[in-house]
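Next come the chains, spelled out residue by residue.
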Amino acid sequence: MLNFNGKLIHNSEISGNRGLQYGDAVFETIKVSAGKILFWEDHYFRLMASMRILRMEIPMNFTPEFLEEEIHKTSKGLDENSNAYRIKIIVWRKEGGKYRPATNEVDYLVMAEALENPFYSLSEDTYVVELYKDHFINSGLLSTLKTTNRIINVLGSIYAMENDYDNCFLLNEQKNIIEVLNGNIFVVNGYTIKTPPLSDGCLNGILRKQIIGIINEHPDFTIEEASVSPFELQKADELFITNTIVGIQSITNYRKKEYSNTLAKDLLGKLNLKARLS
């Protein structure tokens, strides 16, 4: 028996959802544009790798073709007349014990939501970011995974909302910048672009990987995966964020420093081209 907001209901699948009860779940956020799943191969293999790291049993039918069909089936079920969708795949371990599960078999959920813009575009609006210092993310492998345990991101979002910031930088236990609340961070200084390494605990982002690949082919800039100190932020020429849905988001202000978005504009065109060819 369950009591949901004061209403008694009989036992359901909600009661056995280990993602809900213990954060024992991983997820992928994916963008679909004009019927095309952007960077699908990277998303699929990241999901499979995350499941293996968390010792989840991968069903035999979890092929790229099967999950791709499930994504399209879900997005077509929307009544919205849209050409772009946000897809979220959540995978959790089936009901078993408490902290010690009785099985490694999984259940999954596919969610779809209509988006306005099928392409990546760069906002010219002011975008102010601040440090979030109340809690830290531990460096290491588990922090690189997209699990449903995002409480620090939630608390950081509340801090940003209460203080009129658009986003917050997150720190690891060594007080290095690792990411923002909803994506990876790139720091431009001269012709060098830095992004925190996975060993520092930043999310193993799909767009992070794509942007690193684009910069590696750029004739003028070099990419460096290295720890980023908060002191470097105010010395930078440009800061930008990457995530699957937005693509690239330029940071315009951090404390008293204002930043340009020249490189972000350059990379955006290359990213849209790469997305169409993926």
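This section reports on the structure supplied with the text. Not measured: the values here are computed from a predicted model. (Residues numbered from 1 in each chain as written. Predicted model: local features only at pLDDT ≥ 70, side-chain atom pairs only at ≥ 80, totals over all residues. Heavy atoms only, no water.)

Topic: the side chain of Asn 243
And step 1. Tracing the backbone through its elements, the reader meets Asn 243 in strand β13 (residues 238-243).
And step 2. Judged by its relative accessible area of 14%, Asn 243 is buried.
And step 3. In this structure the side chain of Asn 243 is engaged in a polar contact, spanning 3.1 Å, whose partner is the backbone oxygen of Asn 182.
And step 4. Setting aside residues up to four positions removed in sequence, Asn 243 forms contacts with Asn 182, Gly 183 and Leu 207. (Helix = DSSP H or I, 4+ residues; strand = E, 2+ residues; numbered from the N terminus. Buried < 20%, exposed > 50% of the residue type's maximum accessible area, 1.4 Å probe, protein only. Polar contact = N/O pair within 3.5 Å; in protein donor to acceptor, adjacent residues only side chain to side chain. Contact = heavy atoms within 4.5 Å.)

Some points on the sheet that holds strand β4 (residues 36-37)
And step 1. A sheet is described by the order of its strands in space; here four strands give the open sequence β4-β3-β5-β6, paired in antiparallel fashion. At either end of the open sheet lies a strand with only one pairing partner, and these are β4 and β6 (106-115).
And step 2. In the packing of helix α2 (residues 40-53) onto the sheet, contacts are made with β3 (25-33), β4, β5 (84-93) and β6, and the angle to β3 comes to roughly 175 degrees.
And step 3. Contacting β3, β4, β5 and β6, helix α3 (residues 64-76) runs over the sheet at an angle of about 45 degrees to β6. (Pairing = 2+ DSSP bridges. Axes fitted to C-alpha atoms, helices over the stretch in contact; angles between N-to-C directions.)

Let's talk about the nonpolar core
And step 1. Residues Phe 39, Tyr 120, Ile 211, Phe 240, Ile 248, Leu 267 and Leu 271 are the most contacted members of the largest nonpolar core, which totals 22 residues.
And step 2. Elements with a minimum of two residues in this core: β10 (184-189), α5 (206-216) and α7 (262-277).
And step 3. For Leu 267, the residues in contact, after removing those within four places along its chain, are Ile 211, Ile 214, Ile 215, His 218, Phe 240 and Ile 248.
And step 4. With 21 residues, the next largest nonpolar core counts Tyr 44, Leu 47, Met 48 and Val 91 among its residues. (Core = buried A, V, L, I, M, F, W, Y, C linked by side-chain atoms within 4.5 Å.)

Things to note about the pattern of salt bridges
And step 1. The full count for this structure, using the stated rule, is eleven salt bridges.
And step 2. Across the salt bridge formed by Arg 46 and Glu 28, the nearest N and O atoms sit 2.7 Å from each other. With Arg 46 in helix α2 and Glu 28 in strand β3, this residue pair connects regions lying 18 residues apart in the sequence. Each member of the pair, Arg 46 as well as Glu 28, is classed as buried.
And step 3. Overlapping salt bridges, with partners in common, bring together Arg 18, Asp 24 and Arg 93 in one network. (Salt bridge = Lys/Arg side-chain N within 4 Å of Asp/Glu carboxyl O.)

Some thoughts on the packing of α2 against α3
And step 1. Where α2 meets α3, the closest approach of the two axes is 11 Å, and the angle between their N-to-C directions is 110 degrees. When the axes of α2 and α3 are compared, the pair comes out roughly perpendicular. Of the two possible hands of crossing, α2 and α3 adopt the one that is right-handed. Along the contact surface, α2 presents Trp 40, Tyr 44, Leu 47 and Met 48, while α3 presents Pro 64, Leu 67, Glu 68 and Ile 71.
And step 2. Residues of the contact of α2 with α3, tallied by class, amount to seven nonpolar, no polar and one charged. (Parallel < 35°, antiparallel > 145°, perpendicular 65-115°, else oblique. Left-handed = near helix turned anticlockwise from the far one by under 90°. Nonpolar A, V, L, I, M, F, W, Y, C, P; charged D, E, K, R; others polar.)

Section: the sheet that holds β13
And step 1. One open sheet accounts for five strands, arranged β12-β11-β10-β13-β14; its pairing is mixed. Two strands in the sheet have a free side with no partner beyond their single neighbour: β12 (222-225) and β14 (247-251). The average undirected angle you get between the axes of adjacent strands in this sheet is 25 degrees.
And step 2. Taken together, the three bridges between β10 and strand β11 (residues 192-195) define a ladder with antiparallel strand orientation. Within β11, the residue paired with Asn 189 across the bridge is Thr 192.
And step 3. Sheet contacts for α5: β10, β11, β12, β13 and β14; angle to β12, the most-contacted strand, approximately 140 degrees.

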